[in-house]
Amino acid sequence: MKQFISVKDVENPKQLLEDVINLKNNEKFSTIGNNKTIGLIFFNSSLRTRMSTQKAAQNLGMQVMMINVSSDSWKLEFQDGSVMSGDSVEHIKEAAAVMGLYCDILAIRSFPSLVNKQEDYSEEILNKFIKYCKVPVVSLESATLHPLQSLADMVTIKEHQKQSKPKIVLTWAPHVKPIPQVVANSFAQWALACEHDLTITHPEGYELSEEFTNGATIEYDQQKALAEADFVYVKNWSSFTDYGKVLDVKDDWLLNEEKMKETNSAKIMHCLPVRRNLELSDELIDGENSLILAQAENRVFATQTVLKKIIENIM
Amino acid sequence: MKQFISVKDVENPKQLLEDVINLKNNEKFSTIGNNKTIGLIFFNSSLRTRMSTQKAAQNLGMQVMMINVSSDSWKLEFQDGSVMSGDSVEHIKEAAAVMGLYCDILAIRSFPSLVNKQEDYSEEILNKFIKYCKVPVVSLESATLHPLQSLADMVTIKEHQKQSKPKIVLTWAPHVKPIPQVVANSFAQWALACEHDLTITHPEGYELSEEFTNGATIEYDQQKALAEADFVYVKNWSSFTDYGKVLDVKDDWLLNEEKMKETNSAKIMHCLPVRRNLELSDELIDGENSLILAQAENRVFATQTVLKKIIENIM
Amino acid sequence: MKQFISVKDVENPKQLLEDVINLKNNEKFSTIGNNKTIGLIFFNSSLRTRMSTQKAAQNLGMQVMMINVSSDSWKLEFQDGSVMSGDSVEHIKEAAAVMGLYCDILAIRSFPSLVNKQEDYSEEILNKFIKYCKVPVVSLESATLHPLQSLADMVTIKEHQKQSKPKIVLTWAPHVKPIPQVVANSFAQWALACEHDLTITHPEGYELSEEFTNGATIEYDQQKALAEADFVYVKNWSSFTDYGKVLDVKDDWLLNEEKMKETNSAKIMHCLPVRRNLELSDELIDGENSLILAQAENRVFATQTVLKKIIENIM
């Protein structure tokens, strides 16, 4: 594997799921990463991604260097040709190049602005890192996608599916502030690449970019969407069309036990952090059908498999 | 050992002191922690605890993951059943559970609010971590106790005591702002559990919780308390009865050489950080009877012994 | 080597350059640092120094402990004899001593205030660390010098020099805010210690301390200074004489291709971070004569060689 930015970097997504499960069950620790260093570069907060990536790298025997860009380092400039007489202290050209000199792999978390749609959806920051750092890049959540989360999600589904083709529903949930479309985009992209039967349900105005959802069924009626579902993935996102906005929604989109009745005793999924009783009710999060902690646990093995494949490619 | 929250988690405190001294003298480095990960979770600042715990874990061959909750991660919700439509991004239920999935041991520093006595003294945060994380928890200083400090203190006393039953005095000292009762509570609890002769001296209104001091002599006259002392432990704390308040104190409680004359050439102890010439005079901190750096050094070996015993229990 | 604060700690600077190049080419990884711990203490932001020092230590098998003083730890007091009733929580005496107890080597970054010249040029903070910590200290950039940068710079020159005595020019460059004299001081000190032919050019009022530049040619006309240059080191600094001030400069000091014409196809150097098109034009930074990334890469091997020699001295 050369990099891990989206499912498109994976030759055979279904085979990758098996590789993750195999690593999880048979080879939790190895020394393949000895004398290799990964840099974890955070432009934003992180709990699961920070800990699971560090753990995954250490399980492979790698050294880990962690940078919180805003507090540890310098304000970066991303504009080409600018005269740097303002706040920015260092250009991404040098910052990325230098990080690439010190690390064998760079893993980067950089959220969208939710202000400039074109800038976000062109993945400006991530692509400049890729262009200038000259080493394999792993996305720890970018402006549009969260592939390590999605890989862990797909593995979790594979571990719990009883049917060869389960019905998977991605349902929008309420939130109090604008949230990126990242997890929803990425989940849809991976579910479709894994040839799952995917239904997406959300209020009008919350349509995701077709670049990622093409092939999914879109159903605006949440209750209809949930009928006969085997897995229900719950997630808020802000509007893609009215970019970054929180729209007025009249219906009640909080997922609770009552709404789950018409599902096929569906498993509940969420990437965390979850706003309890706003996105998802306590009873569902804490109930026996919740896969939420299983997803979080699989983050380690998903990341470890990806790092292992990248190391194998650069050895 | 199953966890390390207070002296009550220790079957035989006196034996534990010998184990620490034995490890310090004979087995500073080991590989017992290989492929084990400790998460150090900081809700508050730390210098000694941060460095000594990291060093202790690394001396055992463990991997260390460090989280500064406020800057690295998300604002946590601790209330059960709340609708999370405010500032809090993640509930302790998920945060603790996920950290427990990624770590073999969790070590947590969480200071008291000094506002809500009942909340602090019920150890709400620490107990929710213990409840939800499902792995052994080590306190790096909680709302009421600081057991790793106290263990290092007891080891330091054992290394320097000349009598079989030295007179130990814990004396209150002045400060400019409200400080937790944590170190004083914990020192008293451990000294009594180690069957030491303990006198506590402080101005009226600064009585500690009897839960921790039951068995000690309380003497409001500092000079009387110091008579014939072999060890003097100096520490400020805010009022427990008038909770979290700094009370008006007329007498001079700064410990200096003059006051030490009636002691038995007593050794001086403090957990650090110390406010020089406010809590304790320069001459005493820098004098030959100061054990302050010896205490700090023993933090490594105290913690290392505790982690080793917890690892032995989960292997 | 006992410590690494300036070139004066190096018995034979020219031999040290050869040692760095030898390590770089022949022994990137070793185990000499096993069971040794380095503490990296940051009072200021850092990218290259943070990552390259961590990498260097890990390449030697050392454990690394990182402290961002302002966010992780306590506000420090540096004044002797003060009554600590203000903001400062811990005195440098205890902080440094304790860090020294937990680490085999301490590496410290502490920028100048640019307010109090005497305080800065007496290296108060660094010297108090050295005095109280009792272990070897490595400067990660102090109030007056940046020796690890300079060592990497000298190694980079050695790797690229075609003449036995190349002409090296250190040229001042514009900036929008007051910048320490540190890199310029240190570059001059090392270039002269390595017996290089050094010319320094800057506007009037920007004279550096003669303590570091004695032996260099000072030329106020930038174009004259650049004639026949083989290496041009570009760097801004604030005034030393009118301490910490940014002076009015009428001429254009931005280095660009036009000005380079009279050099001997000189190589361009900068320590980074660089303000593009303010200090140095895009065309030069990105051109084929730029050694900027080579300098950054050599930071690892320079530091690794220094740490190795210090470890050899304490074993």
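Residues numbered from 1 in each chain as written. Chains lettered and ligands numbered in written order. Predicted model: local features only at pLDDT ≥ 70, side-chain atom pairs only at ≥ 80, totals over all residues. Heavy atoms only, no water.

(A) Representation of the overall build of chain A in the model. The number of helices and strands found in chain A is 13 helices and 11 strands. In terms of overall dimensions, chain A is globule-like: its C-alpha atoms have a radius of gyration of 20 Å, near the 20 Å expected for 315 residues. Its C-alpha atoms give chain A principal-axis dimensions of roughly 55 × 50 × 30 Å. Considering only contacts in chain A between residues 6 or more positions apart, those separated by 24 or more positions represent 78%. (Helix = DSSP H or I, 4+ residues; strand = E, 2+ residues; numbered from the N terminus. Rg over C-alpha atoms; globule rule 2.2 N^0.38 Å. Contact = heavy atoms within 4.5 Å.)

(B) Broad picture of the relation of the copies chain C and chain B. Under the fitted operation, chain C is carried onto chain B by 0.0 Å of movement along the axis and a turn of 120°, and the coordinates agree to an RMSD of 0.0 Å. This pairing of chains is accounted for by a three-fold axis. Within chain C, the C-alpha atom positioned nearest to the axis of rotation is that of Ser71 of chain C, 5.1 Å from it. (Least-squares fit on C-alpha atoms with pLDDT ≥ 70 in both.)

(C) Quick look at the interface of chain C and chain B. At the junction of the two partners, chain C supplies 31 residues and chain B supplies 30 residues. Buried area between chain C and chain B, both sides added, is near 2,700 Å², and the carbon and sulfur share of it is 58%. Between the two partners, chain C and chain B, sit four salt bridges. In this structure, the connection of chain C to chain B is made through 16 residue pairs in polar contact (both at pLDDT 80 or more). Looking at the side of chain C that touches chain B, the elements with two or more residues in it are strand 2 (63-68), helix 3 (69-72), strand 4 (90-91) and helix 4 (92-102) of chain C. No other element matches the eight residues that helix 4 of chain C contributes to the side of chain C that touches chain B. (Buried area = accessible area lost by both parts, 1.4 Å probe. Salt bridge = Lys/Arg side-chain N within 4 Å of Asp/Glu carboxyl O. Polar contact = N/O pair within 3.5 Å; in protein donor to acceptor, adjacent residues only side chain to side chain.)

(D) Layout of the domain arrangement of chain A. Residue and element names in this part refer to chain A. Domain assignment breaks chain A into domain 1 (7-145 + 298-314) and domain 2 (149-295). The gap between the C-alpha centroids of domain 1 and domain 2 is 26 Å. Counting from both sides, the interface comprises 28 residues of domain 1 and, opposite them, 32 residues of domain 2. Across the domain 1/domain 2 interface, buried area totals approximately 2,600 Å², and carbon plus sulfur atoms make up 67% of it. At the boundary of domain 1 and domain 2, one finds three salt bridges. For the interface between domain 1 and domain 2, the tally reads 13 residue pairs in polar contact (both at pLDDT 80 or more). Put simply, the parts of the chain that give the side of domain 1 that touches domain 2 at least two residues each are helix 1 (13-26), helix 5 (117-121) and helix 13 (292-314). It is helix 1 that contributes the most residues to the side of domain 1 that touches domain 2, eight residues altogether. A class-by-class count of the residues in the side of domain 1 that touches domain 2 yields 15 nonpolar, four polar and nine charged. (Domains from an automatic or database assignment. Nonpolar A, V, L, I, M, F, W, Y, C, P; charged D, E, K, R; others polar.)

(E) Representation of helix 2 (residues 48-59) of chain B. Residue and element names in this part refer to chain B. Over its 12 residues, helix 2 extends 16 Å from the first C-alpha to the last, a length consistent with the 16 Å expected when each residue adds 1.5 Å. Counting buried positions along helix 2 gives 12 out of 12 residues, so the element sits mostly inside the fold. Among the residues of helix 2, Arg48, Thr49, Arg50, Met51, Ser52, Thr53, Gln54, Lys55, Ala56, Ala57, Gln58 and Asn59 are the ones counted as buried. (Expected span 1.5 Å × (residues − 1). Buried < 20%, exposed > 50% of the residue type's maximum accessible area, 1.4 Å probe, protein only.)

(F) Highlighting the sheet that holds strand 8 (residues 197-201) of chain A. Residues and elements named next belong to chain A. If you trace the five strands from one edge of the open sheet to the other, you get 9-8-7-10-11, paired in parallel fashion. Strands at the two margins of the open sheet, each flanked by one partner only, are strand 9 (217-218) and strand 11 (267-269). Bridge analysis of strand 7 (residues 167-172) against strand 8 gives five bridges, and the strand direction is parallel. Its bridge partner being in strand 8, Lys167 is matched across the sheet by Asp197. (Pairing = 2+ DSSP bridges.)

(G) A look at the environment of Ile200 of chain A. All names here are of chain A. By secondary structure assignment, the location of Ile200 is in strand 8. Relative accessible area serves as the criterion here: at 1%, Ile200 is assigned to the buried category. Counting along the chain gives 31 residues from Ile200 to Val169, while the straight-line C-alpha distance between them is 5.7 Å. The contact partners of Ile200, leaving out residues within four places of it in the chain, are Leu170, Ala188, Leu208, Thr213, Ala216, Thr217, Ile218, Glu219 and Trp237.

(H) Inspection of the interface of chain B and chain A at higher detail. With 31 residues of chain B at the interface, the matching set in chain A holds 30 residues. Summed over both partners, the interface of chain B with chain A comes to about 2,800 Å²; 58% of that surface belongs to carbon and sulfur atoms. At the junction of chain B with chain A, the criterion picks out four salt bridges. A salt bridge links Asp72 of chain B to Arg50 of chain A; the shortest N-O distance between them is 3.7 Å. One can count 15 residue pairs in polar contact (both at pLDDT 80 or more) joining chain B with chain A. Looking at the side of chain B that touches chain A, the elements with two or more residues in it are strand 2 (63-68), helix 3 (69-72), strand 4 (90-91) and helix 4 (92-102) of chain B. Taken together, the residues of the side of chain B that touches chain A break down into 14 nonpolar, 11 polar and six charged.

(I) How the structure looks around the environment of Ile168 of chain A. All names here are of chain A. Among the secondary structure elements, Ile168 is positioned in strand 7. In this structure Ile168 comes out as buried when scored by relative accessible area, which is 0%. Linking Ile168 and Ala225, residues 57 residues apart in sequence, is a C-alpha distance of 9.5 Å. Excluding anything up to four places from it in sequence, Ile168 contacts Ile157, Phe187, His196, Asp197, Leu198, Thr199 and Phe231.

(J) A look at the pattern of salt bridges. For the structure shown, the criterion picks out 45 salt bridges over all chains. Lys261 of chain A serves as the salt-bridge partner of Glu258 of chain A, at 3.1 Å between the closest nitrogen and oxygen. Of the two residues, Glu258 of chain A and Lys261 of chain A, neither departs from the other in class, the shared state being exposed. Note that Arg276 of chain A and Glu94 of chain B form a salt bridge whose closest N and O atoms lie 2.4 Å from each other. Of this pair, Arg276 of chain A sits in the loop between strand 11 and helix 12 (282-285) while Glu94 of chain B sits in helix 4, on two different chains. An identical accessibility class is assigned to Arg276 of chain A and Glu94 of chain B; each is buried. Several salt bridges converge on common partners, so that one network encompasses Lys93 and Glu94 of chain A together with Arg276, Asp282 and Asp286 of chain C.

(K) Representation of the side chain of Ser281 of chain A in the model. Tracing the backbone through its elements, the reader meets Ser281 of chain A in the loop between strand 11 and helix 12. Setting aside chain neighbours within four positions, we find Ser281 of chain A in contact with Leu254, Leu255, Asn256 and Glu257 of chain A.

(L) Fine view of the sheet that holds strand 6 (residues 137-139) of chain B. All names here are of chain B. Across the sheet, four strands lie side by side as 2-1-5-6; this open sheet has parallel pairing. Since the sheet does not close on itself, it has two edges, and those belong to strand 2 and strand 6, each with one partner. In this sheet, neighbouring strand axes are inclined to one another by 20° on average, regardless of whether the strands run parallel or antiparallel. One ladder, built from six bridges, connects strand 1 (residues 37-42) with strand 2; its direction is parallel. By the bridge assignment for strand 2, Ile38 is matched with Val64. In the packing of helix 4 onto the sheet, the strands contacted are strand 1, strand 2 and strand 5 (105-109), and the crossing angle to strand 5 comes to about 135°. (Axes fitted to C-alpha atoms, helices over the stretch in contact; angles between N-to-C directions.)

(M) Quick look at the packing of helix 1 of chain A against helix 13 of chain A. All names here are of chain A. With their axes 9 Å apart at the nearest point, helix 1 and helix 13 run at an angle of 110° to one another. If you check the angle between helix 1 and helix 13, you find them roughly perpendicular. Here Leu16, Asp19, Val20, Leu23 and Lys24 of helix 1 come into contact with helix 13, specifically with Asn298, Phe301, Ala302, Gln304, Thr305, Lys308 and Lys309. (Parallel < 35°, antiparallel > 145°, perpendicular 65-115°, else oblique.)

(N) Inspection of the packing of aromatic side chains at higher detail. All names here are of chain C. If you walk through the whole model with that rule in mind, you get 30 aromatic pairs over all chains. Between the aromatic rings of Phe240 and Tyr243, the centroid separation amounts to 6.5 Å while the plane-to-plane angle is 85°, which identifies the pairing as edge-to-face. Take Phe240: its relative accessible area is 13%, and that puts it in the buried class. Judged by relative accessible area, which is 8%, Tyr243 ranks as buried. (Phe/Tyr/Trp six-rings, centres within 6.5 Å; stacked < 30°, edge-to-face > 60°.)

(O) Examining the UniProt feature "domain: Aspartate/ornithine carbamoyltransferase carbamoyl-P binding" (unreviewed entry) in chain A more closely. With numbering aligned to this structure, UniProt lists the feature "domain: Aspartate/ornithine carbamoyltransferase carbamoyl-P binding" (unreviewed entry) at residues 2-159 of chain A. Spanning residues 2-159 of chain A, this segment combines 44% helix with 15% strand, and its end C-alpha atoms are found 27 Å apart. (UniProt positions renumbered as here; feature names shortened; annotations may be inferred.)

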